[in-house]
Amino acid sequence: MNPLIVGLLLAALLIVLALSVVAVVLWRRVWLREKARKAAEQERRAQLAEHLRILAGSLLDGQLPLIEGAIRIRALLEHYDPQLHQSEHLQVFRELGEATAHIPTHEAWKALSRTERRQYEALFSRLELQHKTAARGSARWLLEEGLATGR
């Protein structure tokens, strides 16, 4: 065989070998990143689930005002599992969130006049009376079934 052809074949073989090594290294990086991403996602979901358990339990124990608990649960559910968030069992949290979405929070709440705050507090009371049973049932369902599925 011609030495030039042998040299070219050897060079081609070395190039293929080098490209194969590069491909394996890059594939391993992608695999490791995907593995880390999945682990981070599982950790995030576990933390959200724990926060949801604490909120639902606090709502049931009366340690958390119903409206505040419903709003917080709704917000976390959106990030935890959009499908679970849309569950008919949790509809009351969506309704309470929508019914109170217009109410100022944090510094804007502090800036309200006493009269305005009392009007909103009266709304909170009406909503609580209207939805208390459903909200407690939803919190119980979330603890017993919704988060137990491990979605």
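Note that the structure is predicted; figures quoted are calculated from it, not measured.

Rules used throughout
- Residues numbered from 1 in each chain as written.
- Predicted model: local features only at pLDDT ≥ 70, side-chain atom pairs only at ≥ 80, totals over all residues.
- Heavy atoms only, no water.
- Patch = residues over 30% accessible without salt bridge, like charges linked within 9 Å, V, L, I, M, F, W, Y side chains within 5 Å.
- Areas by Shrake-Rupley, 256 points an atom, 1.4 Å probe, with all protein chains shown as cover.
- Salt bridge = Lys/Arg side-chain N within 4 Å of Asp/Glu carboxyl O.
- Helix = DSSP H or I, 4+ residues; strand = E, 2+ residues; numbered from the N terminus.
- Buried < 20%, exposed > 50% of the residue type's maximum accessible area, 1.4 Å probe, protein only.
- Contact = heavy atoms within 4.5 Å.

Visitor: Please clarify how a nonpolar patch on the surface should be interpreted in this entry.
Guide: Residues Met1, Ile5, Val6 and Leu9 make up a contiguous nonpolar surface patch of about 430 Å² in total accessible area. Along the chain, Met1 turns up in the segment before helix H1 (3-61). Taking relative accessible area as the criterion, Met1 reaches 79% and is therefore assigned exposed.

Visitor: I would appreciate a short explanation of the environment of Leu60 in the present structure.
Guide: Of note, Leu60 is situated in helix H1. Its relative accessible area of 18% is what places Leu60 among the buried residues. Distance from Leu60 to Ser138, taken between C-alpha atoms, is 9.8 Å for residues 78 residues apart in sequence. If near-sequence neighbours (up to four positions away) are discounted, Leu60 is found in contact with Arg136, Ala139, Arg140 and Leu143.

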